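Here is what each chain is made of, one letter per residue.
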Amino acid sequence: IKGLQVPARTSSFKFKDKNEDVRSIGKDLAVNYLLEGSIQFDEDLNRIKITTQLINANNGYHLWSATYQDEFEQIFAIQEDVSKEVASQLRLRLLPLNKEALTTRSTENTEAYKLFVEAKGYVMKRNAKYLEKAIELLNKVLELDPSFAEAHAELSFTYGLMFMYGNMGPEERNERMQFHAKKAIELAPDKPEVLRAKAWIELHEGEFEHAATDLKQAVTLNPNYADAYYLLSNALAFSGDRESGLKAFKQAADLDPLGDYTLRYTTAVWGEYQDHEKALATLEKIIQRDSSADALKHKSWIIREAYGDLVQSFILMHEAGKEDPTELYNLQNHLYHSMDLDLLPAAEEYARILLMRYPENQVVTY
């Protein structure tokens, strides 16, 4: 819920059963209330319709519902109205900082905002094809509003991901990351998103303690910032404080209960505590909820490492990679699993494709 500095967890679901018990969902997410809603956007008329309802997850009782219809340019006002009404229904007493957050806007340009939200969706996929699309959209955002600090910060972060998941060399990465991070810092040095971008560069430069300091400030400003908690877990672990790093990692997973951070944390829990049964149970729940290909990949690795079942691991990994078989990590996973089973001609072919498609990626060439 935008601007509310209270413990909150956000997630999205693809329900196989539309009548699924909200109490079950509330239990899975460990929350007392669910904010359910739908958004319809008519591009021809440039109008948006938002239907939303607040539900008590303990008994399924609907506390409040409302429908908002207006031109898309009023999206910020609608966000503020929904946030204030939910706070009122939950009897939350907003501090001055909370009230200010409800009315603070990243940009006044609604077209730039729309493209920014779309770009962030692509960034979360951690895939070269989608990251390229995200970069294209974020550059359009900055053409519309060069002073959009969060867009500069997100673009800096995305260039760093392209180095990891796409075909980008370190020199180009460093130049573009630093350019946009510097712009973001000039525009809004104290925004959580900007602090995260600054810490992202510090991590790449090996300044782990500085990165941890910036990220701690980011989560102080926004306690619901899962992205910052995840990066903080990395900074703390690289600094040698693995215990605190794992706590920050769990916080990121709690704030993203069925998303990428929960998947990563699930695998980390197995690695740290050898609790593979718990890890597999969590992954199965995610797979049943939305048929997540990423969850299949994590399940494949746990079966491989915990049980040594190379054949089942190979099958699961190929099932997960069907959607985008030439994506970098899919190809790498197929390469590793082919080598596990001594399928050397297949491994050689995967290696050849990787080098052809991602010649600038240092992990691939290694």
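Cut-offs and rules
Residues numbered from 1 in each chain as written. Predicted model: local features only at pLDDT ≥ 70, side-chain atom pairs only at ≥ 80, totals over all residues. Heavy atoms only, no water. Helix = DSSP H or I, 4+ residues; strand = E, 2+ residues; numbered from the N terminus. Buried < 20%, exposed > 50% of the residue type's maximum accessible area, 1.4 Å probe, protein only. Contact = heavy atoms within 4.5 Å. Areas by Shrake-Rupley, 256 points an atom, 1.4 Å probe, with all protein chains shown as cover. Salt bridge = Lys/Arg side-chain N within 4 Å of Asp/Glu carboxyl O. Expected span 1.5 Å × (residues − 1). Arc of directions from axis to C-beta. Core = buried A, V, L, I, M, F, W, Y, C linked by side-chain atoms within 4.5 Å. Pairing = 2+ DSSP bridges. Axes fitted to C-alpha atoms, helices over the stretch in contact; angles between N-to-C directions. Phe/Tyr/Trp six-rings, centres within 6.5 Å; stacked < 30°, edge-to-face > 60°.

1. Considerations on the overall build of the protein
Logical step 1: Along the backbone of the protein there are 18 helices and three strands.
Logical step 2: Each of the 366 residues in the protein was classed as buried or not, and the buried ones make up 44%.
Logical step 3: Looking at the protein alone, contacts between residues at least 24 apart form 54% of all its contacts between residues at least 6 apart.
Logical step 4: Carbon and sulfur atoms make up 50% of the accessible area of the protein, which totals about 19400 Å².

2. A few points about the pattern of salt bridges
Logical step 1: Scanning the model with the defined rule gives 17 salt bridges in all.
Logical step 2: For K120, the salt bridge is made with E154, and the minimal N-O distance between the two is 3.4 Å. A residue pair is termed long-range when its members are at least 10 positions apart, and K120 in helix 4 (residues 110-123) and E154 in helix 6 (residues 149-165) qualify at 34 residues.
Logical step 3: What makes E154 buried here is its relative accessible area of 6%.
Logical step 4: Close ionic contact of D254 with K250 constitutes a salt bridge, the shortest N to O distance being 3.1 Å. With a gap of four residues between them, D254 and K250 both fall in helix 11 (residues 242-255), about one helical turn apart.
Logical step 5: Connected via shared salt-bridge partners are K120, E154 and R196.

3. Examining helix 7 (residues 170-187)
Logical step 1: Counted at 1.5 Å a residue, the expected span for helix 7 with its 18 residues is 26 Å, and the 26 Å between its end C-alpha atoms agrees.
Logical step 2: What helix 7 keeps buried is the set R173, M177, H180, A181 and A184. Along the long axis of helix 7, the arc covered by the buried residues comes to 105 degrees, so they all point the same way. Seen from the open side of helix 7, the exposed residues pointing more than 90 degrees away from its buried face are E171, E175, K182 and E186.
Logical step 3: Looking at the buried side of helix 7, the elements it contacts are helix 5 (128-144), helix 6 and helix 8 (192-204).

4. Observations concerning the nonpolar core
Logical step 1: Residues V141, F148, L161 and L215 are the most contacted members of the largest nonpolar core, which totals 51 residues.
Logical step 2: Of all the elements, helix 10 (residues 226-238) adds the most residues to this core, at eight residues.
Logical step 3: Filtering out sequence-adjacent residues up to four positions away, L215 remains in contact with R196, A199, A228, L231, L232 and A235.

5. Topic: the sheet that holds strand 1 (residues 33-42)
Logical step 1: Spatially, 1-2-3 is the arrangement adopted by the three strands of the open sheet, whose pairing is antiparallel. Edge positions in the sheet fall to strand 1 and strand 3 (62-71), since each of these pairs with one other strand and no more. Mean inter-strand twist for the sheet, computed between neighbouring axes without regard to direction, equals 10 degrees.
Logical step 2: Both strand 2 (residues 47-56) and strand 3 contribute to a ladder of nine bridges, which runs antiparallel. Each bridged residue has a counterpart across the sheet, and for I55 the counterpart in strand 3 is H62.
Logical step 3: Against the sheet, helix 2 (residues 75-89) engages strand 1, strand 2 and strand 3, with an angle of about 170 degrees to strand 3.

6. Considerations on the packing of aromatic side chains
Logical step 1: This model, assessed by the stated rule, comprises ten aromatic pairs.
Logical step 2: Judged by centre distance (4.6 Å) and plane angle (50 degrees), the ring pair of F157 and W200 falls under tilted. One end of the pair, F157, is in helix 6; the other, W200, is in helix 8, with 43 residues separating them in the sequence.
Logical step 3: Classification of F157 as buried rests on a relative accessible area of 4%.
Logical step 4: Residue class for W200 comes out buried when judged on its relative accessible area of 7%.
Logical step 5: Seen in terms of ring centroids, Y230 and F249 are 5.4 Å apart; in terms of plane orientation they differ by 65 degrees. Their pairing is edge-to-face. Residue Y230 is found in helix 10, and its partner F249 is found in helix 11; the two are separated by 19 residues along the sequence.

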